Protein chains: 2
Amino acid sequence: MDLKQIYFHLRSDIQKIENSLEQSVYSSNPILTEASVHLLKAGGKRIRPVFVLLAGKYGTYSMNRLLSVAVPLELIHMASLVHDDVIDDADLRRGSKTIKAKYDNKVAMYCGDYIFARALEQIIKIEDKEAHEVLSKGIVQMCLGEIEQIRDHNDVNVSLKTYLRRIKRKTSLLIAISCKLGAIATGAPRKVYQGLYRYGYYVGMAFQISDDILDFTGTEEQLGKPAGGDLRQGNITLPAIYALENNEHFRDLMNDIKLGNRSTDAYNEAIDLVKSSGGIDYARQMSETYLQKAYNELDKLPNIAATKSLRQIATYIGTRKY
Amino acid sequence: MDLKQIYFHLRSDIQKIENSLEQSVYSSNPILTEASVHLLKAGGKRIRPVFVLLAGKYGTYSMNRLLSVAVPLELIHMASLVHDDVIDDADLRRGSKTIKAKYDNKVAMYCGDYIFARALEQIIKIEDKEAHEVLSKGIVQMCLGEIEQIRDHNDVNVSLKTYLRRIKRKTSLLIAISCKLGAIATGAPRKVYQGLYRYGYYVGMAFQISDDILDFTGTEEQLGKPAGGDLRQGNITLPAIYALENNEHFRDLMNDIKLGNRSTDAYNEAIDLVKSSGGIDYARQMSETYLQKAYNELDKLPNIAATKSLRQIATYIGTRKY
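As recorded in an unreviewed UniProt entry, chain A goes by Heptaprenyl diphosphate synthase component 2 and comes from Lottiidibacillus patelloidae. The UniProt entry for chain A carries this comment under Cofactor (unreviewed entry): "Mg(2+)".

Trainee: Would you mind going over helix H10 (residues 190-217) of chain B with me for this structure?
Mentor: Along an α-helix, residues three or four apart share an orientation, since each turn contains 3.6 residues. With 28 residues, H10 of chain B should cover 40 Å at 1.5 Å per step; its first-to-last C-alpha distance of 40 Å lies within 8% of that length. Most of H10 of chain B sits out of view: 20 of its 28 residues are buried.

Trainee: How should the interface of chain A and chain B be read in this particular structure?
Mentor: Interfaces are often sized by the accessible area lost when the parts come together. With 30 residues of chain A in contact, the opposing surface of chain B contributes 30 residues. When the two sides are added together, the surface that chain A and chain B hide from each other amounts to roughly 2,800 Å², 76% of it contributed by carbon and sulfur. Between the two partners, chain A and chain B, sit 2 salt bridges. Ionic pairing is found between lysine 106 of chain B and aspartate 89 of chain A, a salt bridge with its closest N-O pair at 3.4 Å.

Trainee: It is not clear to me how helix H7 (residues 105-123) of chain B should be interpreted in this structure. Could you clarify?
Mentor: Taking 1.5 Å as the rise per residue, H7 of chain B with 19 residues should run 27 Å; its terminal C-alpha atoms sit 27 Å apart, in good agreement. When you tally the buried positions in H7 of chain B, you get 15 out of 19 residues, the bulk of the element.

Trainee: In this structure, what is going on with the environment of valine 86 of chain B? I would like to understand it.
Mentor: Along the chain, the position of valine 86 of chain B falls in helix H5 (residues 63-87). Taking the C-alpha atoms as reference, valine 86 of chain B lies 9.2 Å from lysine 106 of chain B; in sequence the two are 20 residues apart. Each residue touching valine 86 of chain B, except ones within four places of it in the same chain, is listed here: Lys106 and Met109 of chain A together with Lys100, Asn105 and Ala108 of chain B.

Trainee: Looking at this model, I keep getting lost on empty space enclosed by the protein. Mind explaining?
Mentor: Gaps left between atoms show up when a probe the size of a water molecule is rolled over them. This structure, assessed with the given rule, holds 5 cavities of 30 Å³ or more. Within this model, the largest cavity holds a volume of roughly 180 Å³. Put simply, the parts of the chain that give the lining of the largest cavity at least two residues each are helix H7 (105-123) and helix H8 (129-151) of chain A together with H7 and helix H8 (129-151) of chain B. Residue composition of the lining of the largest cavity, grouped by class: 10 nonpolar, 4 polar and no charged. In this structure, the second largest cavity occupies an estimated 90 Å³ of space. Around the second largest cavity sit His38, Leu39, Ala42, Leu81, Val82, Asp85, Arg93, Arg94, Ser96, Lys97, Thr98 and Ile99 of chain A, which together line it. Breaking the lining of the second largest cavity down by element, the ones donating at least two residues are helix H3 (30-41), helix H5 (63-87) and strand E2 (96-97) of chain A. At 3 residues, the largest contribution of residues to the lining of the second largest cavity is made by H5 of chain A. Partitioning the lining of the second largest cavity into residue classes produces 5 nonpolar, 3 polar and 4 charged.

Trainee: In this structure, what is going on with the packing of H10 of chain B against helix H16 (residues 279-299) of chain B? I would like to understand it.
Mentor: Pairs of packed helices are described in terms of their axes, by the angle between the two and the distance that separates them. All names here are of chain B. In contact at an axis separation of 8 Å, H10 and H16 are set at 160 degrees when each is read in the N-to-C sense. When the axis of H10 is compared with that of H16, the two are roughly antiparallel. In the packing of H10 onto H16, the handedness of the crossing is left-handed. On the side of H10, the interface is formed by Gly195, Arg198, Tyr199, Tyr202, Val203, Met205, Ala206, Ile209, Ile213, Phe216 and Thr217, while H16 contributes Ile280, Ala283, Arg284, Met286, Ser287, Tyr290, Leu291, Lys293, Ala294, Glu297 and Leu298.

Trainee: What is the right way to look at the packing of aromatic side chains in this model?
Mentor: When we look at a pair of aromatic rings, we describe it by the centre distance and by the angle of the planes. Residues and elements named next belong to chain B. With the rule as written, the count across this model stands at 9 aromatic pairs over all chains. With 5.4 Å between their ring centres and 55 degrees between their planes, tyrosine 201 and tyrosine 202 make a pair best called tilted. Judged by relative accessible area, tyrosine 201 falls into the partly exposed class, the value being 22%. For the pair tyrosine 202 and tyrosine 290, a centre-to-centre distance of 6.4 Å together with 35 degrees between the ring planes defines the contact as tilted.

Conventions we followed
- Residues numbered from 1 in each chain as written.
- Chains lettered and ligands numbered in written order.
- Predicted model: local features only at pLDDT ≥ 70, side-chain atom pairs only at ≥ 80, totals over all residues.
- Heavy atoms only, no water.
- UniProt positions renumbered as here; feature names shortened; annotations may be inferred.
- Helix = DSSP H or I, 4+ residues; strand = E, 2+ residues; numbered from the N terminus.
- Expected span 1.5 Å × (residues − 1).
- Buried < 20%, exposed > 50% of the residue type's maximum accessible area, 1.4 Å probe, protein only.
- Contact = heavy atoms within 4.5 Å.
- Buried area = accessible area lost by both parts, 1.4 Å probe.
- Salt bridge = Lys/Arg side-chain N within 4 Å of Asp/Glu carboxyl O.
- 1 Å grid on protein atoms, 1.4 Å probe; cavity = no way out; pocket = protein on both sides within 12 Å on 5 of 7 lines; lining within 4 Å.
- Points joined across faces, edges and corners; volume = space filled by probe spheres on them.
- Nonpolar A, V, L, I, M, F, W, Y, C, P; charged D, E, K, R; others polar.
- Axes fitted to C-alpha atoms, helices over the stretch in contact; angles between N-to-C directions.
- Parallel < 35°, antiparallel > 145°, perpendicular 65-115°, else oblique.
- Left-handed = near helix turned anticlockwise from the far one by under 90°.
- Phe/Tyr/Trp six-rings, centres within 6.5 Å; stacked < 30°, edge-to-face > 60°.

Have a look at this one:
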């Protein structure tokens, strides 16, 4: 089952979010509008808005209230992608040119700033004190996560703990917050939104780990960009961390790369070594452990249709190929 | 009287703010730390922290509480400067190389993001609801102001109203907020912090207009960068707006520039035309009007030593040469 099928019954509400996103990034500056619309059209799974909508099913579903949290959440995610692509020198994302590649670093910088400002503008209008606080704290953690990624670039001594904290800040926190806010916005009970938060956190961790696996195992067609991009960009992810600890040859090679041997051959060898080191299996097991925890949280939630959808999303993450 | 003399009795508290700023931008990433420290050492007038400290004199002065608002305010200002320099392609600021010139747009982008994140991190710790709200709303306005500046680049039809709103968002709002927050943080009465807010707004407008005048009339030595930079960067400020309305030749020349005639001769002629058009005098009068409003606000405040210092700052702005 793919995501589109899971989302099928939400499609009209997702379209409303899509329309609202488009309105949010409209600007009187032509380059800003063009760049932002290019980013929107490049799509993405809109997984955060979907979590908001599903979590909204546990309270008194109100599309207006859900829009007010789903839109800024997705805007923040989009803004962070635009700046991430500058930091990572990434030219492609989901098969489309990134803003920094289509224009330059400067346009990408202010386009990200602009989308971020639009998100903040919407966040300060949220009157619910808890929702407001959850979002503000989440943004700070995300910003710090972006910076940690820069700090850890090409760091061959990066620990498992550091990696997990980075992906928590980079990905799973925003997903956990999406789940929590959807429930808060519709007045779901505290016990429910706390459970949804934990579900989102676990699923987010599994999602990012599977993303990091696919970056090694996916084809260029599946990924919309060449495989092994993380390693080439200096992002040491879970499969590579395992290989660094268990394969001396890989460690030596990565030290060479750090010292400046950035040849295509060196990277290709490094990618092969990660695959043969057992790092992929190790990462798969860890992703599976997180998914198991996510399922456990769902078992404690009311048995409604949304719970089934959330279970399907977890299953999708465990088996996805792109 | 120059600013240093006005600040003299605050120097030990300003030093505490300086130390706290330094701690705030410390990072485990060497380039980030180097770039941020370079930015700190390049200095600046620290006028926002000074307003916070002076406003703190109207309540129960507490350095800890004042630090908690002065430091994020100055960090936000610093972050916005780093990104502004990318947008404006500026190589020099206060005689020092900008981060985008010393490194590149990419480093400037993430250095700004980093400092911004550090500011947000401190802001969400502020428990006073009103202080928190004032800061959050101020940040959004500032972000929107940055974007307006991009939108208005080389726009020969930019109106006075648009210009005033842009400098409000870009400069005077943060100064008004500095005054207000210093007073709120020390528990000053509502009437006082509202008056201080208005004073800060008026003084901020006068400050930015005088900055925009100096960009035309200052020497390279005084400015720490070549004169006429605003025009060269496409920022149409008050003296140029007056010239556009009152000098047809200047309007034609600016249209040429907009269409691509970016020669040094064209810019030099444009700068001379602004000076001979009466635009400088017009801007001086407007700055003077704002200063008069600022003085009026001070007349309604308690007659304490801080009021005298705030009056001296207003006078300094009216007469400053750099």
